[in-house]
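Analysis of the macromolecular model
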Amino acid sequence: MEPEWAAAASAVQEQTKGKVRLGAVDATVHQGLSSRYGVRGFPTIKVFRKGEDPEDYQGGRTRADIIAKALDLFSDNAAPPELV
């Protein structure tokens, strides 16, 4: 999953001008963090939105799936375009 995730992270960062970030945590190293967020299996993907509790990601695991979901979440929360 790591190559797909890394490629998706780069694409999402570029397409959202850094407003959406994909991160990775090794839960075997950061056990306290994994416990805090209820990680029980690997790989686990969580969606964090400002001001909300994290939720489990239920989508596909390919680069295209991850990018599509990230951009969908971004568009749901992006400010409307400015009218001039």
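Everything below is about the structure printed above this text.
So, here's what we can say about the structure.

Cut-offs used in this document
- Residues numbered from 1 in each chain as written.
- Predicted model: local features only at pLDDT ≥ 70, side-chain atom pairs only at ≥ 80, totals over all residues.
- Heavy atoms only, no water.
- Helix = DSSP H or I, 4+ residues; strand = E, 2+ residues; numbered from the N terminus.
- Buried < 20%, exposed > 50% of the residue type's maximum accessible area, 1.4 Å probe, protein only.
- Contact = heavy atoms within 4.5 Å.
- Lys, Arg positive; Asp, Glu negative; His and termini not counted.
- Charge placed at Lys NZ, Arg CZ, Asp CG, Glu CD.
- Expected span 1.5 Å × (residues − 1).
- Arc of directions from axis to C-beta.
- Core = buried A, V, L, I, M, F, W, Y, C linked by side-chain atoms within 4.5 Å.
- Phe/Tyr/Trp six-rings, centres within 6.5 Å; stacked < 30°, edge-to-face > 60°.
- Salt bridge = Lys/Arg side-chain N within 4 Å of Asp/Glu carboxyl O.

1. Notes on the overall build of the protein
- On a plain count of helices and strands, the protein comes out with three helices and two strands.
- Going from the N terminus to the C terminus, the protein shows its helices and strands as α-α-β-β-α.
- For the protein, the spread of C-alpha atoms along the three principal axes comes to 50 × 30 × 20 Å.
- Out of the 84 residues in the protein, the part that is buried amounts to 19%.
- Sequence separation of at least 24 residues holds for 43% of the intrachain contacts in the protein that already meet a minimum separation of 6.
- Averaging the positions of the 11 positive and the 12 negative side-chain charges in the protein gives two centres separated by 4 Å.

2. Here we look at helix 3 (residues 63-77)
- Under the 1.5 Å per step criterion, the end-to-end length of helix 3 is 21 Å for 15 residues, consistent within 8% with the ideal 21 Å.
- By the burial criterion, the buried members of helix 3 are I66, I67, A70 and L73. Taken around the axis of helix 3, the buried residues stretch over an arc of 135°, which confines them to a single face. Opposite the packed face of helix 3, turned more than 90 degrees from it, sit the exposed residues A64 and D76.

3. Thoughts on the nonpolar core
- One finds W5, A8, A11, V12, V20, I45, V47, Y57, I66, I67, A70 and L73 forming the largest nonpolar core, which totals 12 residues.
- Counting residues per element, the ones that place at least two in this core are helix 1 (2-15) and helix 3.
- Setting aside chain neighbours within four positions, we find L73 in contact with V47 and R49.

4. Focus: the packing of aromatic side chains
- The full count for this structure, using the stated rule, is one aromatic pair.
- With 5.1 Å between their ring centres and 85° between their planes, Y37 and F48 make a pair best called edge-to-face. With a gap of 11 residues between them, Y37 in the loop between helix 2 (31-36) and strand 1 (46-47) and F48 in the loop between strand 1 and strand 2 (55-56) connect regions that are remote in the sequence.
- Its relative accessible area of 24% is what places Y37 among the partly exposed residues.

5. Some points on the pattern of salt bridges
- Here the structure, examined in full by the defined rule, presents three salt bridges.
- E4 is paired through a salt bridge with R63; the nearest N and O atoms lie 3.5 Å apart. Taken together, the positions of E4 in helix 1 and R63 in helix 3 put the pair 59 residues apart, joining distant regions of the chain.
- When its relative accessible area of 27% is taken as the criterion, E4 is described as partly exposed.
- Judged by its relative accessible area of 39%, R63 falls in the partly exposed class.

Shape is all these values report; function is a separate question.
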